[in-house]
Structures are given as structure tokens and as C-alpha cells.
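Okay, here's what each chain looks like letter by letter:
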Amino acid sequence: NAREYNEKFSYANNHIKTSKYNVFTFLPINLFEQFQRVANAYFVVLLILQLIPEVSSLSWFTTIVPLVLVLVITAVKDATDDYFRHKSDRQVNNRQSQVLIRGSLQKEKWMNVRVGDIIKLENNQFVAADILLLCSSEPYGLCYIETAELDGETNLKVRQALSVTSDLGDVSKLMDFDGEVICEPPNNKLDKFTGTLHWRDNKYSLDNEKMLLRGCVLRNTEWCFGMVIFAGLQTKLMQNCGRTKFKRTSIDKLMNTLVLWIFAFLICMGVILAIGNTIWETCVGRKFELFLPWDKFQSSAVFSGFLTFWSYIIILNTVVPISLYVSVEVLRLGHSFFINWDQKMYHNASDTPAEARTTTLNEELGQVEFIFSDKTGTLTQNIMVFSKCSINGQTYGDVYDEFNQKVEITEKTACVDFSFNPLCDKAFKFYDCSLVEAVKQQGSAVQDFFRLLALCHTVMPEEKSEGNLVYQAQSPDEGALVTAARNFGFIFRARTPETITLCEMGRAATYELLAILDFNNVRKRMSVIVRNPQGQIKLYCKGADTIIFDRLDPSSEDLMYATSEHLSEFAGEGLRTLALAYKDLSEEYYQVWQKKLHYVSTVIENREEQLAALYEEVEQGMKLLGATAIEDKLQEGVPDTIACLNLADIKIWVLTGDKLETAMSIGYSCNMLRDDMNEVFVISGLTQLEVQQQLRNAKENILGLSRVSSTGDVEKDDMFAEDSVFEETIISEYALVISGHSLAHALEPQLEHTLLDLACLCKTVICCRVTPMQKAQVVELVRRHKMAVTLAVGDGANDVSMIKTAHIGVGISGQEGMQAVLASDYSFAQFRYLQRLLLVHGRWSYFRMCNFLAYFFYKNFAFTLVHFWYGFFCGFSAQIGLDTHYWTAVNHLFMWGSLIVYFAILFAMQSDGLFGIFPSNFPFIGTARNCLSEKSVWLVILLTTVVCILPGLVLSFLRVDLFPTLTDKVRHLQQSRKKQRPQEQNLRRVRRTSSRRSAYAFSHQQGYGELITSGKNMRVSTLSSTHSLERIAQSSSWIENILKRKNEVSAEPAESHKADRLK
């Protein structure tokens, strides 16, 4: 909090810049970029030559005007694009923040915030910089944040200040704060921070749980104070944003190459004509010296040839036309308007049209081979909906007609009437009325089902007004389940560290919360132990079905079979499932177990393992209640779009910050993952050696199976193993799923080729828990080694670096702000529009551009070679074959007017009017119309066309057999393999129904359970009993436990039980 002292260290300010130019750098940088085009540089050299009178036979005006026109048009377009980037930067930099300056809070713009400043944040405000949390309005310095801009997750995360700073809530105390922070240098690791606070002769360890990163949003916290650690471009958000790159299409690069070859051809023509001039001057020209004397500086025939060479370079310069670039830019501009005007890419609900934010990449859309997509908000709407459930062997959620036939649910389908429940959520929709009738029956399993959903969770309620409940869930899945229980009559009203208050079918009920057995990635389940108002102790548990079924009482075996069938149906529809179970505990058993829990909670060594064993003990012998099915709503048309793009041989990789299970569940919903795939490889190694081994095993598995399933001839397959044809002939379908920790090792130089080879052998690739920078690294890996056109699509700030790295960036204008749109080349509202962008606009842009270039080069070669040929008839004197005053007019006349003039003359000479004026001279009235109506005329046209095209077609067919391309070889091998061993391949396609069902839908982190029971996150403590104080004291080390657990990387779950175990 001492600006004068901190300014000595030259820390970065909080001003950000995503634009490429400013007023002073625009001209030199833009000209440098434009002169990377060979033709532009060539015409500058040509202009210099035209300024030499002894060489030039054309005016310099003919070159400088089109050159300046091209440069100006391109510069205006680039300046317009950069203007919008400046506008966005100003909007962010001018946001207001409260900064503690000279004893009072003063409003400062974000760009004026400095490292070391103490700033105040209020609820729902964006964090201005990377700050160290000092204190907050919540007890114990807690605060809640949403990190959607960083990792795409909308679930809340908890942060806590150091205990020594948590009481600095007063401005006067903050003014006396003179701590010094020593920390790591700026980096792009979002989940890691290491530092030390030196204050009052003590040292305090700092980690990521005490940091609020730029881009986060403060939620459910009235206010908090923090000290700025990193600002501006040194914040982790900006460190994860790639640099703005100058994107050029492959056609631009091809044109540069063609220009070089054409320039070489031009040099050859100049040399030939110069040699011809030298020979002509030596043999013939000397005889005409009196009539055609040499200039004073022209001393010999060789020197005359040298000057003639440069003259012809100028005359024949039209073979490299600068008008080509103007024409290409106009064509691209027209294609951009087609995209902007496309009504089929207009989203009516949000009033958002498609927008081509750049005009230089349209034809590149038709060559995309790899698509890298974010998940949350791009493929999905990030809205969890309670869709179906199975209770006591009965499914609910489907709608049937009077003939007991299942009816498809549409917007017109009547919803269940929840008017009997005054506290229901008006936005909740359910369509099966039978569930409402079942829940009204006293003592039914349906009531126990919803009672479990209302009790077993870590949701925090907030009642802003009477009956106006708002649930703050760390996972959208939990929010959907608690909301479902609320609508069906089991309303979660309030919680304290020791109680949970429900409203059950209109009656208030308070449960004593005895223990929370928290979720983690190994357990894949969560349990609560409560004492109900009747004094009975019950354990309620929810989790992955494969985990719950192993811990059921034998009396639930029949119900388990029925529920398992229902779960398979739910999973087949792409729903995220959970199994629910309960257990009655005796008072004596619970007291003994509670003593064990208290003892294990205080041991130092192997505490986590002993706690897990104790949880395992109490969760045995449960009774099954049923299962839930939640739909993570996909955007409309996502599965169809992905299927269509796959048919176009475009590979789609999903790069997401979500959990592995969540990402896989969406993969199944999108049909990117299917149960009939040969294998889904999950790479989750913790060390480089483990990752290397898993990658190699997966690759060997694919290549080994492909060898056996193709021809059985191992030697022949080994020949193809290194051939690019072999990769394309793999008919079996595989998928690769890799976690962020493993990806960090796989992207190391020694493993990146193995990763890329394996990923390209798989039909689907999903990378989960990845940072924004890792997304960019994956795109760069493919771009660098595959030499393929890449496209990245996302909707949040965490996708910006990926969008900037790819050849083409597409922004989805969704729920996570406009950062992705502002950094993108194209933007629209829905993922499904990507199909039309690539397969319609991309294809036609590329098709038109290629035809245009072919015609343009043909026209210019025809025009230029006239002068080359004319040189042989004018003594190689560099004379112009066509008058410069009218050659352009003639060019345009014949190019644009030939067809119009032909048809105009044809119909005019045979029109009624001309026959009326000159009946003797124009007797063939209506001949043109009559000819075109005769079948014989069209037959002649058809035969002429066939005769012209037939030789080309025959040659094309023969070329496939005589000179096959790589594509022809691949197609031939695929067809031969399908014919040889179709049965053997089918035997290898194993159906795995548990892959989705075990994808437990929790996205929240471990630790909330202990946080709740500690009472540290409760706003007002209303309990003063000694029992409450004892419980709080016992859990005083809750935050240490959380941090210890967070640092552990969860092991992979045990293998799924085979189907015959359930039969």
C-alpha cells in the first residue's frame, strides 16, 4: 500500500492491450506486413525501374496508382479491425475500482491500479487484477468466486484469507497494514501460486487458495479487500492469452509461391529477348546506324541487350498483375457479405446474426481439417435439467398417450402443475404427472427419494424474501437435484453447521446433521448422516451406480437389476446418472463409529486412508432407493452438426476445463463417444514415464488390432506401418481422453510426436482439465506438425489464446462475455452454424477463388505473351504491341461485354421491330427464339459438349488405374479390408454400457462438506451451545485438510463391473 516504494521495482501497470497498432506504429508495421506479399515488393522494384528514363517505356503512373490503391484498401481494412480491438481495450481499462489511497477509498480506473494497491471488491464485480485476499464480509475471511472466464466453469469456488489478516475489515486497520509479499514470477499456471507474506516479524505461506485472479467474479460475498500482486499483462489471465498473429491463408502463400515462379518465368523471357536484341543489333542493327543511331551512352550491342532486358521486365510486368490482389480482396469482401447476410445463420432468440470479422480467411474455411472446440457454452448450454428418475423399480419422466405409446416431449407438451407447492421454482419443468401423485402418498419410497435429494448435498440457500429461495451450488448438477426436490414438495430452506431445515409437503422439519462424508474422485459418492425429527439416525448416499451397487444390502438385489436396466436406458439417451441409497443406523452403532471418526480425525499419519476406510465401513449394506437422470442441455443441433462434419472428414477435438467424467458424458451426448467404439483410451498418468507408457500402449493396441483385423499378414502391415496411407486405412474406431496433468507431460518435446500420432489414429479426442495455454499448445502442435488448416471455436476468455493460435478463430456469443468474439475471425450465436460456415460458405469461397485465380492467370498470360511474340517482329526493341491508351478499355470491353453484346445483337437482328423497319434486310424474324426451341439445336450443343468432355473423362478414369494418387490408394485398401474380414472386426466392437453411467456428474471440488460442518461459511452464527463449540474446535484444521486433499491427484477408479455380475 505504498505506491512510491513499489514504483522503484518497475512492476507492470494494469493497462492491457490486445490491439496490434497505435497511431505511430500503424504505418510501418502495416506496410511491413503488406510487403510480405511478394507481388507488392516486386511492384515497388518495378516502380523504381520505371523512374529510370533509359529503361522505362511506360509511365511510372501506371504502376504507382494501383499499388497505392491496394495498400490503402488493405490498410483501411486492417485499421478498422484494430479499431474494434482498441474499443474493447478502452472499455476494460476504464472500468472503475475502489482503491485505498491516503486513508480513504477512491474510485480509480482499472488501468491506474498498481501492484501493491489495496482494492475493495463488491458482490458480482469482476476482479481487476491478481490479488491476495486479505479480508471479507464473510466469517473467517471466506469469499466465493466464479471462474467462468478462466476455466469455463460456472460453479462457485471458495477462497479464504489468512487468519492474521481476516479481521482487517476496517479502513484504518488496512492503512496500517505494511506486509511484504515475496512470490514466484508471473506465469500462466492458473491452479498454482507460491509466495510468502512477511508481516510483523512473521512469515505466512501463500498459495492459490488465497488468491483472486483477474477475470473472476465475486459471488455471494458483500465485499472483500485484497492486495494487488500481479497487474495487467503479468496477470495469469493475460499470460494465458496468446499474442495477436497476422493470419494469412494458404492461397495467399500459394500466390506468393506462384509469383516467385512467374517472376522467374519473367526473367527467362527478359533474358531471351535481351539475347535476341544483342544478336539483332550485332547482325542487323549495325546496317541501320545512320537511320537508327545509338544513344550516346549505348556503347555496344551487349549493353543494348542489358538495357532491353530491364525494358522488357517493365513491359511484361502484367504477367504478375497487381490488380490480382485488388480483385482477390473485392472477392473476399463479397464473400464476407454473404456470411453476414445469411439468414440461416441468424439466431432469432438473441437477435444475433453471423459476422465475418475479417475478410482475409474466407476461402480457408473450405480447407479446415481440424476443429478444436470448447465444451461449456459452446457445445452445451451449461444448463442442468432434472429429466427422469427411477424410484423403487418404476421410471418417471416419460409421457404416454391413451394407447400407452411413448410421446415425444416438445415445447407444446403440457407441464406438471406445481400449484400445490407455493415454494416451487417457476422455471422448473417436468412432464410426468404420475410422479406428483406418487409423492403425495405418505411413507412412500418416492418421499424418501426426494428427502434424500433435499438432505444429501452441500448447497447453500439464500432466501432474499419470503419464499424467494436462491440456491448457491458448487455444481450445477447439485443445484438441479435440490431444485427438483424443492418442486416435488421437499424444500431445502436453511442450514447451520449442525442442522438442516426442510419443508416437507408443507410441514417444517429440522434434521440434526451428524456427519458429512464428502465426495472425492476416488469415492465417487457423497453421504450424510442425520437424525430425523423422530430421533432415528439415517445415512443417505448418492453416487456413481457402479460404486453404490457394490455396497448394497442383498435384499436390494432384485431392485438393483431393475434399476440397472433403467440406468442403461438413461445412459443411452446421453443423460448423467446417479444412484441413491440409504441405511438405518442404530444409536449404539453410531456412537461407536463417531468415536472412531473423532480419533481418526486427530491422527497425523495416514489420516486420509483411515478416514476412507471408516467411511467405507459405514456405507456398507445400504438399501437402494433409485436413480436420477440429469440432462446437460446441448445446444440445438450439436450432434447432427458433429456427425455432418465427421462425414466431411473433419476431425473434432474437444478441449475443456471440466472434469474427465463430465467431459466424457458430453462426448457421449454429442455422439463423439459411442458404446460400440473399439476402445476409449483414458490417459491419466501422473508422471512423464506413466504418460509415456500409456500413450505407447494405446498406440500399440491400435496398430496391433489393425494389423490383425486387416489381412492377417503381419509382414505386409509392417511395411505400411510407417506409410501415411496406413493411418487413413484404419477402419476401427477409437477415442482418446486425456487429463490436464497428463497433457502437460505429453506436450513435452520428447512425447509430443507420440501424442500427435496416437490422437490422429483416433476418431475422437477429448482433453479435460486443460488450462487456456494448454489449449493453445495443442492447437499449435497440430498446426506445426500436420500442416493442416485448424479452426478453434469457443465462447469465453479462457478460449482466447486457442482462437488466436488457430488458423481460423470462431467466437460463440454466449453466456460468458464477449472476449472470445472480440478475438475471433468469425462469430455467431450457435455451434450448429459452424456446419453452414464451413460446408457452404467455406466450400463456395474456396471454389470461386480457385476458378477466379485460374482464369486470371490465363488472361494475363495470354495478354503478356502477345508482347513477347511481338518482340520477334520489332527487332527486340522493347516496343509496345498495343496502344496504352485503349488496351485497358478493350480488355474490359471483351471481358465484361462479350456475352452481353453477343446476345443483344443476336436477338436485336432477329427482332420484330427491326423486321418492321427493314423487312428486306432482316427477314429472319424470331429465328433466335425458334432455334433455341428446337430439340436438334440442343442435341448439337449436347453432342459438342460430350465430344469435348469425353476425352478428359476417359483420361481421368485411366489415371486412377495407371497413376493412382494417395487418396486412391487409401480408398482401395479400405475397400479390400472390408471385403476380406468383416466378421473379425465386428467381434472386436465391444459394447460398454457402464462407461457413461459411471460418469458421476459431480463437478465440485472436495472440501465443502468439512467447510459446512465447521460453520466457518455461515454468515450469522445463531448457535451458542457447547456442543456446537466443541464441533467447531474439533474441525479447526479444516482448511489444512482441504489444501492437503487438493494437492493429491486422485487415482483412477476401479474397473467397471462386468455385465454378468448384475445378471
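On a predicted model such as this, the values are computed, not experimentally measured, just so you know.

The helix and strand tally for the chain stands at 39 helices and 34 strands. A total of 1063 residues make up the chain; the buried ones form 50% of that total. In the chain, the share of contacts with a sequence separation of at least 24, taken over all contacts with a separation of at least 6, comes to 72%. Total accessible area on the chain is roughly 50700 Å²; 58% of this is exposed by carbon and sulfur atoms.

Tracing the backbone shows Thr628 in strand E27 (residues 623-634). The contacts of Thr628, once residues within four sequence positions are left out, are Phe386, Lys388, Cys389, Phe449, Leu453, Leu481, Arg576, Thr577, Leu578 and Leu580.

So, on to a nonpolar patch on the surface. There is a patch of nonpolar side chains on the surface, built from Leu939, Leu942, Leu943, Val946, Ile949, Leu950, Leu953, Val954, Phe957, Leu958, Leu962 and Phe963 and spanning about 1200 Å² of accessible area. Looking at the secondary structure, you find Leu939 in helix H33 (residues 935-962).

Glancing now at the sheet that holds strand E14 (residues 368-373). Across a sheet, paired strands are connected by hydrogen bonds in the backbone, their directions being either parallel or antiparallel. Strand order in the open sheet formed by nine strands is E13-E34-E33-E32-E14-E28-E31-E30-E29, and the pairing between neighbours is mixed. The open sheet has two edge strands, strand E13 (355-356) and strand E29 (679-683), and neither has a second partner. Across the sheet, helix H24 (residues 752-761) touches E14, strand E28 (651-655), strand E30 (734-739) and strand E31 (764-768), and the angle it forms with E30 is around 140°. Strand contacts of helix H28 (residues 833-870): E14, strand E32 (789-794), strand E33 (808-812) and strand E34 (826-828), with the helix running at about 140° to E34, the strand carrying the most contacts.

A few words now on the UniProt feature "active site" (unreviewed entry) in the chain. Under the feature "active site" (unreviewed entry), the UniProt entry names Asp374. Structurally, Asp374 can be placed in the loop between E14 and strand E15 (380-391). Classification of Asp374 by relative accessible area gives buried; the value is 1%. Excluding its chain neighbours within four sequence positions, the residues that come into contact with Asp374 are Leu379, Leu655, Thr656, Lys775, Val793, Gly794, Asp795, Asn798, Asp799 and Met802. Within the local environment of Asp374, its side chain forms a polar contact with the side chain of Lys775, the two groups lying 3.4 Å apart.

Moving on, we get to the environment of Asn277. Looking at where Asn277 falls in the secondary structure, it is placed in helix H8 (residues 250-283). Note: C-alpha distance between Asn277 and Ala878 (601 residues apart in sequence) is 9.0 Å.

What follows concerns the nonpolar core. Counting residues in each nonpolar core, the largest one holds 55 residues, and the members touching the most others are Leu435 and Phe450. With seven residues, the top contributor of residues to this core is helix H12 (residues 445-455). Look past the residues within four positions of Phe450 in its chain and what remains in contact with it is Phe386, Ile391, Leu435, Val439, Ala484, Ala485, Phe488 and Phe490. Membership of the second largest hydrophobic core comes to 48 residues, among which are Ile101, Cys143, Leu174 and Phe230.

In this section: the confidence of the model for the chain. Model confidence for the chain is summarised by a mean pLDDT of 79, while 80% of its residues fall at 70 or above. Here helix H21 (residues 714-720) stands out as the element of the chain with the lowest mean pLDDT, 39, in contrast to strand E25 (residues 537-543), whose mean of 93 is the highest. Scored below 50 in pLDDT, residues 706-725 makes 33 contacts in the model with residues more than four places away or belonging to other chains. For the stretch residues 981-996, pLDDT sits under 50, and the model shows 37 contacts to residues farther than four places along the chain or on other chains.

Contact geometry for H8 and helix H10 (residues 323-341): axes closest at 13 Å, N-to-C directions at 165°. Here H10 runs roughly antiparallel to H8, going by the angle between their axes. Pair H8 / H10 crosses with right-handed handedness. Contacts between H8 and H10 involve Asp252, Met255, Asn256 and Val259 on the former and, on the latter, Leu324, Tyr325, Val328 and Arg332. In terms of residue class, the contact of H8 with H10 is built from five nonpolar, one polar and two charged.

Mapped onto the elements of the fold, Ile666 is located in helix H19 (residues 660-669). Sequence-wise, Ile666 and Val654 are 12 residues apart; in three dimensions their C-alpha atoms are separated by 10.0 Å. Sequence-distant contacts of Ile666, defined by excluding residues within four places in its chain, comprise Lys375, Thr380, Arg576, Asp632 and Leu634.

So, on to the packing of aromatic side chains. The tally for this structure, following the rule as stated, stands at 32 aromatic pairs. Geometrically, the ring pair formed by Tyr855 and Tyr858 is tilted, given 6.4 Å between the ring centres and 45° between the ring planes. Separated by three residues within a single helix, Tyr855 and Tyr858 lie in helix H28, roughly one turn from each other. Overall, the relative accessible area of 39% leaves Tyr855 in the partly exposed class. Ring geometry for Trp869 versus Phe872: centroids 5.7 Å apart, planes at 45°, classification tilted.

To continue, consider the packing of H12 against helix H13 (residues 476-487). Packing of H12 against H13 leaves a shortest axis separation of 8 Å and a crossing angle of 130°. In terms of orientation, H12 and H13 fall into the oblique class. Between H12 and H13 lies a crossing whose hand is left-handed. Judged by residue contacts, Phe450, Leu453 and Ala454 of H12 engage Leu481, Val482, Ala484 and Ala485 from H13. Here the residues of the contact of H12 with H13 sort into seven nonpolar, no polar and no charged.

This part covers the sheet that holds strand E3 (residues 118-122). If you walk across this open sheet you meet the six strands as E2-E1-E3-E12-E4-E10, and the pairing is antiparallel. Two strands lie at the open edges of the sheet, namely strand E2 (104-109) and strand E10 (211-212), each paired on one side alone. Here strand E4 (residues 130-136) pairs with strand E12 (residues 223-230) via six bridges, running antiparallel. In the sheet register, Cys135 faces E12, and the bridge partner there is Phe225.

Looking now at H28. Here H28 spans 54 Å end to end across 38 residues, near enough to the 56 Å set by a 1.5 Å rise per residue. The principal kink in H28, of about 30°, is found at Gly842.

A complete count under the given rule lists 26 salt bridges for this structure. Note that Asp342 and Arg836 form a salt bridge whose closest N and O atoms lie 2.4 Å from each other. Here Arg836 lies in helix H28 and Asp342 lies in the loop between H10 and E13, a separation of 494 residues in the sequence. Since its relative accessible area comes to 26%, Arg836 is described here as partly exposed. As a salt-bridge pair, Lys596 and Glu617 come within 3.6 Å of each other at their nearest N and O atoms. Here Lys596 is found in helix H16 (residues 587-600), whereas its partner Glu617 is found in helix H17 (residues 607-618), with 21 residues between them in sequence.

Our next topic: the pairing of strand E9 (residues 202-206). Across a regular strand the side chains alternate sides, sitting on one face of the sheet and then on the other. Pairing analysis gives five bridges linking strand E8 (residues 195-199) to E9, with the strands arranged antiparallel. Bridging from a neighbouring strand, Leu197 pairs with Tyr204 of E9.

What follows is about unusual backbone geometry. For Asp201, which is not a glycine, the phi torsion comes out positive at approximately 65°. Mapped onto the elements of the fold, Asp201 is located in the loop between E8 and E9. Positive phi, close to 65°, is recorded for Asp649, a residue that is not glycine.

For the rest of this paragraph, the subject is the state of the cysteines. Overall, the coordinates contain zero disulfides when judged by the stated rule. Take Cys541: it sits in no disulfide, and the sulfur closest to it among the cysteines is that of Cys456, at 6.4 Å.

Here we take up helix H25 (residues 772-785). The end-to-end C-alpha distance of H25, which contains 14 residues, comes to 21 Å, matching closely the 20 Å that a straight helix rising 1.5 Å per residue would cover. The set of residues buried in H25 consists of Pro772, Met773, Gln774, Lys775, Ala776, Val778, Val779, Leu781 and Val782. Backbone geometry just after H25 places Met787 at a positive phi near 50°.

We now examine the environment of Ile16. Topologically, Ile16 is positioned in the loop between helix H1 (3-6) and helix H2 (26-34). Residues Ile16 and Met111, spaced 95 residues apart in sequence, show a C-alpha to C-alpha distance of 7.4 Å. The contact partners of Ile16, leaving out residues within four places of it in the chain, are Asp89, Val92, Asn93, Arg214, Gly232, Leu233 and Met238.

Basis of the calculations
Residues numbered from 1 in each chain as written. Predicted model: local features only at pLDDT ≥ 70, side-chain atom pairs only at ≥ 80, totals over all residues. Heavy atoms only, no water. Helix = DSSP H or I, 4+ residues; strand = E, 2+ residues; numbered from the N terminus. Buried < 20%, exposed > 50% of the residue type's maximum accessible area, 1.4 Å probe, protein only. Contact = heavy atoms within 4.5 Å. Areas by Shrake-Rupley, 256 points an atom, 1.4 Å probe, with all protein chains shown as cover. Patch = residues over 30% accessible without salt bridge, like charges linked within 9 Å, V, L, I, M, F, W, Y side chains within 5 Å. Salt bridge = Lys/Arg side-chain N within 4 Å of Asp/Glu carboxyl O. Pairing = 2+ DSSP bridges. Axes fitted to C-alpha atoms, helices over the stretch in contact; angles between N-to-C directions. UniProt positions renumbered as here; feature names shortened; annotations may be inferred. Polar contact = N/O pair within 3.5 Å; in protein donor to acceptor, adjacent residues only side chain to side chain. Core = buried A, V, L, I, M, F, W, Y, C linked by side-chain atoms within 4.5 Å. pLDDT = per-residue confidence, 0-100. Parallel < 35°, antiparallel > 145°, perpendicular 65-115°, else oblique. Left-handed = near helix turned anticlockwise from the far one by under 90°. Nonpolar A, V, L, I, M, F, W, Y, C, P; charged D, E, K, R; others polar. Phe/Tyr/Trp six-rings, centres within 6.5 Å; stacked < 30°, edge-to-face > 60°. Expected span 1.5 Å × (residues − 1). Bend = angle between axes of the 7 residues up to and from the residue. Disulfide = S-S within 2.5 Å.

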